[in-house]
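# Results of the structural survey
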Amino acid sequence: MSATPSEAEVAGSRPVEQRRPDPAAAVPARHRARPAGDRVALLLGAFVAVATPLVAAADLAVPGRALLALAFVLTVPGVPLAVLLRVPDRLLRSALAVALSVAVTLLTAALQVVTGWWSPVGFAVGTAAVSLVATVVALREMPRAGPRSPGGARSAGAHAAAGSPDWERPAAVVGLVAALGLWWPATRWLELDDAGPLGVIGVAGWPYVVALALVGLVAARQLLRPVLDGAVLAATAVVLAVVLFGFANVGDGQAGVSVGWLHVGFIRFMTEQQATFAGLDARAYWPGFFAAGAHLVELAGLPNASALLTLSPAVFNVAAIAPLLVVARCVTGSGRLAWLAVFVYLTANWFQQDYFAPQAVAFLLYLVVLATLLWSVTSGGTTPLAGPWYRRALTAWRRRPGLPAGVSAGRSLAWEAALLLIAAAIVVSHQLTPATLVFALMVFVLTGSTRFRRLWLLVALLFLGWFSYMATDFWVGHLSTVLGDLGQLNSNLTSAVSARVGLDSDPVYDAMQNVRLGWSVLYALAGLAGWWTIRHRPGAPLLAGLTVCAGGLVLFGSYGGEVVLRSFVFAAPLLASLAALALRGLVRHRSPVALALLAVLLTGAALMLTATRGVNIAFERVSAGDLAAARVVAEELQPGQVVGTLQATGALGADRVGESVPLDMSEAGCGLSPLRCALVERPDFIVVSRTQDALGQLREGRPAGWTTEIADELVDRGLYTVVHEGGGATVLRAAEQGG
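Residues numbered from 1 in each chain as written. Predicted model: local features only at pLDDT ≥ 70, side-chain atom pairs only at ≥ 80, totals over all residues. Heavy atoms only, no water.

For the protein, the count of helices and strands is 34 helices and five strands. Relative to its full complement of 739 residues, the protein shows a buried share of 53%. Restricting the contact set of the protein to residue pairs at least 6 apart, pairs at least 24 apart contribute 77%. A total of about 30300 Å² of accessible surface is found on the protein, and carbon and sulfur atoms cover 64% of it. (Helix = DSSP H or I, 4+ residues; strand = E, 2+ residues; numbered from the N terminus. Buried < 20%, exposed > 50% of the residue type's maximum accessible area, 1.4 Å probe, protein only. Contact = heavy atoms within 4.5 Å. Areas by Shrake-Rupley, 256 points an atom, 1.4 Å probe, with all protein chains shown as cover.)

Structure follows, in structure tokens:
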């Protein structure tokens, strides 16, 4: 006979409820910060703060140095600062600790570039000193450990009362370990050279499918437990993120997109030149991410940033789990639905904006700001509005939410300062995210859902100030680019959607692109359905406004044809949470049939993520052959020489940034056919590869081997000689350059 979880657990009855909460229930006991845990975190953070600069200053080649440096970037000085902020919610405190640490690294690294005081170790020493002082203060202010609260005993008793078998947690662990055990050989057997129009899903293999099925089964069982096991759910989410977002990169042994290798080149330039690459690329005017990458490379003792590429998507998605869970709890009012939202998010995040790039870091910081604001209004509550809807809409901005229980006005002001610090780091690191953040902050103000009423203005001033003064050289020369797409809704949508598929493209590839669109539409409709179920609740306008402001980005520009993708990325945390409300019937009943149905749906969603995310893998990947060809060009290149590619793929930007002149020889880039472009432009080097060939086949309907035919013709005419061939890539050098 099936049992039914409580209404509070499943129905999500009070999402972003605008009311004055019961102080005793402001933060559930299982989510409250614990002094013992804070002490451990502070002591570990202090160790990292001391050890990392010492190891870097002495340049010691010790095992784990790179992990130590990464821990420094993620915990120093954020851990003691987050403890001093005394945010009651443990998950939110952890997310703020990471966000504050990353923000300090971004800001100090950008400061080094702007001022010319390049000294990663010196700034690390200063950051560590601040962290140690904050640690001492936090330890002194921390209450002494007292007897264990009855909450823990009640929790254990609740588990026992629920009748959960003693073997359930070990069984879940075995299932997750087995999934990883299958996933690893699946990555070894993955042959992305054979990936065609179906992408990754066409070559994934049965071990990968079984691994996803095991994770789906564990997740389904945990979501249907009478009492949630947060530790197992967290482990399941982490394993799912690794399996999904690490599969292609680990299987290929390289980063998934060529832009990531370009970022490696920018960081290498900054490390070697100890200066920005302004004048070489527009991204240089937002140096935070690249300077922080160079900062991390020096602290870690790495030769370059390429080691950071492979697992970046998995790491960014794992890092998003904590703030996403806070957002989902605030939206749904249910821990069970919040975890369901996490799995929805992970299985719908095909947009591939989580590679080693500024937008991935900026989005993570944006998500933490969003989580903090939603938690604040949910915990503090607001006065309900009266009157017809138009009067409520016009007067909502006058309201000011209450303070969360036990939080003083001074501490609330400190939270606002922390959010401003995070926003400043976003401003110096990315072009688009600050604008999205300003719009979101304005939605909070207009709906009367934040005490931080000036924050939007402060962030807007930071954004405009940086854009006006620090990026002057960019916008003065590219004003038409900046303003040209403003308000052009139809053309922006066309460039983002329709223009991605050519008239002569492969029909199977076209169908897979339509699957992508369909999966996104289904995601959006699920979110809309979830919002419709709470449309009469006081928090509904806030959630609608936050989601719409992300979609409103299409009015401001095409952003290189990616504006729709970026809109979905910013809306995804809310869409996932709202979709969980629409899907709450899946976790309402506990029975073998319900378990099987939920497991199948989660596994199917994970496979859909694999299919939609990996559809372009045939040409987006950077293979070992592409890397070998790029190294040969870097070794042979003389400054100022022209390097051509038949399609814009590969890793040519990973080294010697600014020393060569790139030439896109595709018809769209050159205005001529690739062969004609080679004959007219006569670049010093031409690189052809399997990935370029795949791009032409899938998007332009060219025959297999078309790149090889062009290379052979150029060699047969005596215009070029082969200087490298192997791994599916060939490097040609103009004959007059000699051999």
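Having seen the structure, we can now continue with the description.
The next subject is the confidence of the model for the protein. When pLDDT is averaged across the protein, the result is 88; 87% of the residues are at 70 or more. In the model, residues 1-14 has pLDDT below 50 throughout and makes 45 contacts with residues more than four positions away in sequence or in other chains. Considering only residues more than four positions removed or in separate chains, one finds that residues 17-26, a stretch of pLDDT under 50, has 25 contacts. (pLDDT = per-residue confidence, 0-100.)

Here we take up the state of the cysteines. A complete count under the given rule lists one disulfide for this structure. At a sulfur-sulfur separation of 2.2 Å, the disulfide partner of Cys670 is Cys677. The chirality of the disulfide connecting Cys670 with Cys677 is right-handed, given an S-S dihedral of about 90 degrees. With relative accessibility at 0%, the residue Cys677 sits in the buried group. (Disulfide = S-S within 2.5 Å.)

What follows is about the side chain of His263. Along the polypeptide, His263 turns up in helix α12 (residues 258-273). Judged by its relative accessible area of 1%, His263 falls in the buried class. Apart from residues lying up to four places away in sequence, His263 is in contact with Arg283, Phe289, Phe290, Tyr355, Phe356, Ala357 and Pro358.

Glancing now at empty space enclosed by the protein. Summed over all chains, the structure comprises five cavities of 30 Å³ or more. Taken as a whole, the largest cavity holds about 240 Å³ of empty space. What lines the largest cavity is a set of 20 residues, among which Phe245, Ala248, Asn249, Gln352 and Arg613 lie closest to the centre. Of all the elements in the fold, those that place two or more residues in the lining of the largest cavity are α10 (230-245), α11 (247-252) and α28 (592-613). (1 Å grid on protein atoms, 1.4 Å probe; cavity = no way out; pocket = protein on both sides within 12 Å on 5 of 7 lines; lining within 4 Å. Points joined across faces, edges and corners; volume = space filled by probe spheres on them.)

Quick look at helix α30 (residues 624-636) now. Across its 13 residues, α30 extends 19 Å between first and last C-alpha, which sits within 8% of the 18 Å expected from 1.5 Å per residue. For α30, the full list of buried residues reads Gly625, Asp626, Leu627, Ala629, Ala630, Val632, Val633 and Ala634. Those residues of α30 that are buried are in contact with α12, β1 (642-645), β3 (685-689), α33 (690-700), β4 (720-726) and β5 (729-734). (Expected span 1.5 Å × (residues − 1).)

Attention now goes to the packing of aromatic side chains. Geometry of an aromatic ring pair is reported as the spacing of the ring centres plus the angle between the planes. Applying the stated criterion across every chain yields a total of 17 aromatic pairs. When the ring of Phe289 is compared with that of Phe290, the centres are 5.3 Å apart and the planes differ by 80 degrees; the resulting orientation is edge-to-face. Residue Phe290 is classed as buried on the basis of its relative accessible area of 0%. We note Arg188 situated over the ring of Trp184; from NZ or CZ to the ring centre the distance is 4.4 Å. Between Arg702 and the ring centre of Trp706, over which it is positioned, the NZ or CZ distance is 4.6 Å. (Phe/Tyr/Trp six-rings, centres within 6.5 Å; stacked < 30°, edge-to-face > 60°. Lys NZ or Arg CZ within 6 Å of the ring centre and 35° of its normal.)

Residue position: His724 is located in strand β4. Given the relative accessible area of 17%, His724 is considered buried. In this structure His724 touches Ala628, Ala629, Val632, Ala729, Thr730 and Val731, once residues within four positions along its chain are discounted.

Turning to the pairing of β4, a few remarks are in order. Taken together, the six bridges between β4 and β5 define a ladder with antiparallel strand orientation. Bridge pairing in β5 places Gly726 opposite Ala729. (Pairing = 2+ DSSP bridges.)

What follows is about the pattern of salt bridges. In the structure shown here, the tally under the stated rule is 17 salt bridges. Residue Asp59 is joined to Arg65 by a salt bridge in which the shortest nitrogen-to-oxygen separation is 2.9 Å. Owing to a relative accessible area of 56%, Asp59 belongs among the exposed residues under this scheme. Note that Asp89 and Arg329 form a salt bridge whose closest N and O atoms lie 2.3 Å from each other. You can see Asp89 sitting in the loop between α4 (78-85) and α5 (90-115) and its partner Arg329 sitting in helix α15 (residues 321-332), a full 240 residues away along the chain. When salt bridges that share partners are traced, they join Asp193, Asp252, Arg621 and Arg690 into one network. (Salt bridge = Lys/Arg side-chain N within 4 Å of Asp/Glu carboxyl O.)

Another aspect to go through is the sheet that holds β1. Read across the open sheet, the five strands follow the order β2-β1-β3-β5-β4; overall the sheet is mixed. The sheet is open, and its two borders are formed by β2 (661-664) and β4, each paired with just one other strand. Neighbour to neighbour, the strand axes of the sheet diverge by 20 degrees on average, direction disregarded. Bridge count for β1 against β3 is three bridges, and the pairing is parallel. Across the sheet, residue Val643 finds its bridge partner in β3, namely Phe685. Its contacts with the sheet place α30 against β1, β3, β4 and β5, and it is angled at close to 20 degrees to β5. (Axes fitted to C-alpha atoms, helices over the stretch in contact; angles between N-to-C directions.)

We now examine unusual backbone geometry. Cis geometry is adopted by the peptide bond preceding Pro77, which originates at Val76 and carries an omega value of 0 degrees. Residue position: Pro77 is located in the loop between α3 (65-75) and α4. One non-glycine residue, Gln352, lies in positive phi territory at about 55 degrees. With a relative accessible area of 16%, Gln352 lands in the buried category.

With that out of the way, let us pick up helix α21 (residues 455-470). Residue pairs three or four apart in sequence face the same way in an α-helix, which turns once every 3.6 residues. Taking 1.5 Å per residue as the helical rise, α21 with its 16 residues ought to reach 22 Å, and the 21 Å between its terminal C-alpha atoms agrees with that figure. Where α21 is buried, its residues meet α5, α19 (409-427) and α20 (433-446).

Right, let's get into a negative patch on the surface. On the surface, Glu709, Asp712, Asp716 and Glu725 cluster together to form a negatively charged patch. Counting residues per element, the negative patch draws most heavily on helix α34 (residues 706-716), at three residues. Counting through the fold element by element, Glu709 comes out in helix α34. (Patch = residues over 30% accessible without salt bridge, like charges linked within 9 Å, V, L, I, M, F, W, Y side chains within 5 Å. Lys, Arg positive; Asp, Glu negative; His and termini not counted. Charge placed at Lys NZ, Arg CZ, Asp CG, Glu CD.)

It is worth spelling out the environment of Leu84 at this point. By the secondary structure assignment, Leu84 is in helix α4. With 330 residues separating them in the primary sequence, Leu84 and Ala414 have C-alpha atoms 9.4 Å apart. Ignoring anything within four residues of it in the chain, the contact list for Leu84 reads Ala134, Val137, Ala138 and Glu141.

This part covers the packing of α3 against α5. Following both chains from N to C, one finds α3 and α5 inclined at 105 degrees, their axes separated by 5 Å at the closest point. With respect to α5, the element α3 is oriented roughly perpendicular. On the side of α3, the interface is formed by Val73, Leu74 and Thr75, while α5 contributes Ala97, Val98, Ser101, Val102 and Thr105. A per-class count over the contact of α3 with α5 returns five nonpolar, three polar and no charged. (Parallel < 35°, antiparallel > 145°, perpendicular 65-115°, else oblique. Nonpolar A, V, L, I, M, F, W, Y, C, P; charged D, E, K, R; others polar.)

Turning to the environment of Gly518, a few remarks are in order. Here Gly518 lies in helix α25 (residues 507-533). Remark: the alpha-carbon pair of Gly518 and Thr612, spanning 94 residues in sequence, is separated by 9.8 Å.

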